[in-house]
Amino acid sequence: MIEPAGIDGPTYLSVGSVLKGRYEIQKEIGRGGYSVVYAARDRELDSQVAVKLLVPPPADAHIARERMRREVLAARGLSHHNIVAVYDFLEEDQRSFVVMEYVPGSDLSLRQRESGPLDVEEVVSIGRGVAAALSAAHERGILHRDVKPQNILVARDAQPRLTDFGSARLEGHSTLTRTGGLVGTLTYAAPELVAGERGDGRSDIYALGMTLYFCLTGRLPNGPSLHLPPPPTKGGYRPRAARAEVPVWLDEVIATATAADPSDRFPTATTFAEALENRGAPANGAGRPETRNTCLICGAAEPLGLAVCPRCGGVPSGSTQALIFTRRPMYKGDREVVAAGLKALLGDRAQAAELEDVAAGHRALVQVPAPSAESVVEQLRARQIPARAARLGRAWAPLPLRFYGLLALVVGAGGTAGLSAMPALIWTSPMAALLLLLLAQRRLQKPVVALPERKSQLPAKLEHTVIEAFALLPAGTARSLLADVVRLGQRLHANMSRSRNQAEEISQLEQLLAYSCAAAIDLWDLEEALSRFADQRERSHALSDEWLDGLSLCERRRDRMVQRFLEVITLLGRARGHSALLGQNGERLDELAREIERHCEVHAEAAREIEALLDGEA
């Protein structure tokens, strides 16, 4: 904790006042949005502590106090040399305050103002320490939600100390959107939080990456204003562009941490710390699957983001097939949007001329089973690509007008020549034109995206479990995480199946994948419950302590389960190029599988309790 240069505003606690007959206020040392921090002396232990007094708006006082109390009780169990210890949450005379460890030193924001951009090695050391602190918290299902320079103290021993676990919920209580529960400081917030989605450990990783960028360059990347976050960038932010002496490896690490898509970041804080420690990639490699736009079952191109292609998604074999065409928009601006959407969808799988034909509706995009056609059309519409489905054999694509002109020319020229010289051309030229028409239609009905032979590498029972899970899961965190787990697991399963001495590991892997399918559905249930909690929070401020307990339980379960998925992805990612590594980590694999299984066993009862609570408060 530090003493700021100057503090404006009312003094809530006077010097010399004593809280709970024990904590003697010495001086004010800092302020947040809804809190004031004091240095104090613990009379019982004769030691220095920091006291954070909560000063929320009256309308939100009750819910803010209860949420903070629960967060502090959870954070109090954290013990790590890079985390400022939280001792207690106390109340006196309608005042609520948190008692914390006092850390003499300065925060990164103040150090930046005093000395400018920090030394590269110091930034690396700070990053390693804070990433280790986040790893310890995430392991227990606790998110920080407000990683920023002001919340990182550098003690006199040069060790970084992360503070304000749990406080982010209060500081950001008035949010841009309650649906996603945006908390923390907007300028360091991950794009998914700004968009109103629920974050996970990767959101903390993004905020730490932005903090390290700030420490290296003395500023954040350019944004629309000082109070709004920089626009998200697919490849992340690179401090080397603003400071040439930043090493290439560190530039790459921070770019990975600050990628717009959470799936492109380090999956866990541990892998982030390893990347900083190893001057580059984490030990043994880790991260997302190399190929994401393919079907989990047959490996076919699956650019729609369905994870399981329409052909494998539970559709009976032998189903009637359908072709998917785009509808050509009337206006040029709309046509440009469709063309851009198709380019993003297909990438390098289509030539420029093919893309042009598909955008104009002159060429089929993909062939799918007829029962799946409507869902594919809906997915395309969601991407601003209007589409239609036509049964195979009845599908006629509108040919370009110039082609019909060519056919008319063939018929006209043949008729003229037949009248003047060769009568046979009168009837052969229309047949030639018809043949050209049929050949053109056959080509245009050939889809740009071709599906290979359906071939699964998973056992039939497990394949059925995977298909059932993806049939239930909508787009979102649960579906995305499960897709990454199955893709990595499927590749490992194929590698290990070639070996005769990994039967036990194969069995463990299959169990893990099956448990993950059930856990993903549970995770989706929890997120649905959280959405209902948010809806009720919008409708009423008078919510019971029981309601708050239910909300806290639901959030903690959700955060812990997401973290387990990320750990599984990390473990499978390390082993994806070397299946023997999975055997070496067999104990951890089995532990994760059993933990996921236990979660599934207790979820049903917890879900009933949460459902009853939500129905009772409705």
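Residues numbered from 1 in each chain as written. Predicted model: local features only at pLDDT ≥ 70, side-chain atom pairs only at ≥ 80, totals over all residues. Heavy atoms only, no water.

1. Brief notes about the confidence of the model for the protein
Thinking step 1. The share of residues in the protein with pLDDT of 70 or more is 71%, and the mean pLDDT across the chain is 77.
Thinking step 2. Within the protein, the element-level pLDDT minimum falls on helix α4 (residues 167-171), averaging 44, and the maximum on helix α6 (residues 201-217), averaging 96.
Thinking step 3. Taken together, the stretch residues 1-8 has pLDDT below 50 and engages in 27 contacts with residues farther than four places along the chain or on a different chain.
Thinking step 4. Confidence drops under a pLDDT of 50 for residues 168-183, and excluding neighbours within four residues, the segment shows 49 contacts in the predicted structure. (pLDDT = per-residue confidence, 0-100. Helix = DSSP H or I, 4+ residues; strand = E, 2+ residues; numbered from the N terminus. Contact = heavy atoms within 4.5 Å.)

2. Notes on unusual backbone geometry
Glycine aside, the phi torsion of most residues is negative, and most peptide linkages are trans.
Thinking step 1. In this model, aspartate 46 sits at a positive phi of 50°, which is unusual for a non-glycine residue.
Thinking step 2. By the element assignment, aspartate 46 lies in the loop between β3 (35-42) and β4 (47-54).
Thinking step 3. In the Ramachandran plot, arginine 279 falls in the positive-phi region, its phi being about 60° despite a non-glycine side chain.
Thinking step 4. For arginine 279, a relative accessible area of 35% corresponds to the partly exposed category. (Buried < 20%, exposed > 50% of the residue type's maximum accessible area, 1.4 Å probe, protein only.)

3. Concerning the environment of leucine 78
Thinking step 1. Tracing the sequence through the fold places leucine 78 in the loop between α1 (61-75) and β5 (86-92).
Thinking step 2. Spatially, the C-alpha atom of leucine 78 lies 8.4 Å from that of arginine 140, the residues being 62 residues apart in sequence.
Thinking step 3. Not counting chain neighbours up to four residues away, the residues in contact with leucine 78 comprise Ile83, Ala136, Ala137, Arg140, Ile142 and Phe165.

4. As for the pairing of strand β2 (residues 23-32)
Thinking step 1. In this sheet, β2 lies alongside strand β1 (residues 18-19) in antiparallel orientation, the contact comprising two bridges. By the bridge assignment, leucine 19 is partnered in β2 with tyrosine 23. (Pairing = 2+ DSSP bridges.)

5. Considering the pairing of β3
Working note: regular strand, side chains alternate between the two faces of the sheet.
Thinking step 1. Buried residues dominate β3, accounting for seven of its eight residues.
Thinking step 2. When β2 meets β3, the two strands line up antiparallel, connected through eight bridges. In the strand pairing of β3, glutamate 28 is matched with tyrosine 38.
Thinking step 3. Bridge count between β3 and β4: eight bridges; the pairing is antiparallel. By the bridge assignment for β4, aspartate 42 is matched with serine 47.
Thinking step 4. Here β3 folds back onto β4 in antiparallel fashion, the turn holding four residues, of which aspartate 46 has a positive phi close to 50°.

6. Focus on the sheet that holds β2
Thinking step 1. Strand order in the open sheet formed by six strands is β1-β2-β3-β4-β6-β5, with antiparallel pairing between adjacent strands. On the outer flanks of this sheet lie β1 and β5, each paired with one strand and no other.
Thinking step 2. Where β4 lies against strand β6 (residues 95-101), six bridges are found, and the strand directions are antiparallel. From the neighbouring strand, leucine 53 faces β6, where its bridge partner is phenylalanine 97.
Thinking step 3. Contacting β4, β5 and β6, α1 crosses the sheet at an angle of about 150° to β5. (Axes fitted to C-alpha atoms, helices over the stretch in contact; angles between N-to-C directions.)

7. So, the pattern of salt bridges
Thinking step 1. The final tally for this structure, using the stated rule, is 23 salt bridges.
Thinking step 2. In this structure, the salt-bridge partner of arginine 22 is glutamate 44, at a minimum N-O distance of 3.5 Å. In this pair, arginine 22 sits in the loop between β1 and β2 while glutamate 44 sits in the loop between β3 and β4, placing the two residues 22 residues apart along the sequence.
Thinking step 3. Arginine 243 is paired through a salt bridge with glutamate 245; the nearest N and O atoms lie 3.0 Å apart.
Thinking step 4. Among the charged side chains, a network of salt bridges with common partners joins Glu24, Arg41, Arg43 and Asp46. (Salt bridge = Lys/Arg side-chain N within 4 Å of Asp/Glu carboxyl O.)

8. Examining the side chain of arginine 564
Thinking step 1. Tracing the sequence through the fold places arginine 564 in helix α17 (residues 545-575).
Thinking step 2. We classify arginine 564 as buried; its relative accessible area is 4%.
Thinking step 3. Side-chain polar atoms of arginine 564 contact the side chain of glutamate 567, separated by 3.0 Å.
Thinking step 4. In this structure, arginine 564 is in contact with His138, Glu139, Leu592, Glu595 and Ile596, ignoring residues within four places of it in sequence. (Polar contact = N/O pair within 3.5 Å; in protein donor to acceptor, adjacent residues only side chain to side chain.)

9. A word on the packing of helix α15 (residues 477-497) against α17
Thinking step 1. Packing of α15 against α17 brings their axes to within 9 Å, and their N-to-C directions diverge by 25°. The angle between the axes of α15 and α17 places the two elements in the roughly parallel class. Both α15 and α17 take part in a crossing whose hand is left-handed. For the pair α15 and α17, the contacting residues are Thr477, Leu481, Leu482, Asp484, Val485, Leu488, Gly489 and Leu492 in the first and Arg558, Val562, Phe565, Leu566, Val568, Ile569, Leu572, Gly573 and Ala575 in the second.
Thinking step 2. Across the contact of α15 with α17, the residue classes break down as 12 nonpolar, three polar and two charged. (Parallel < 35°, antiparallel > 145°, perpendicular 65-115°, else oblique. Left-handed = near helix turned anticlockwise from the far one by under 90°. Nonpolar A, V, L, I, M, F, W, Y, C, P; charged D, E, K, R; others polar.)

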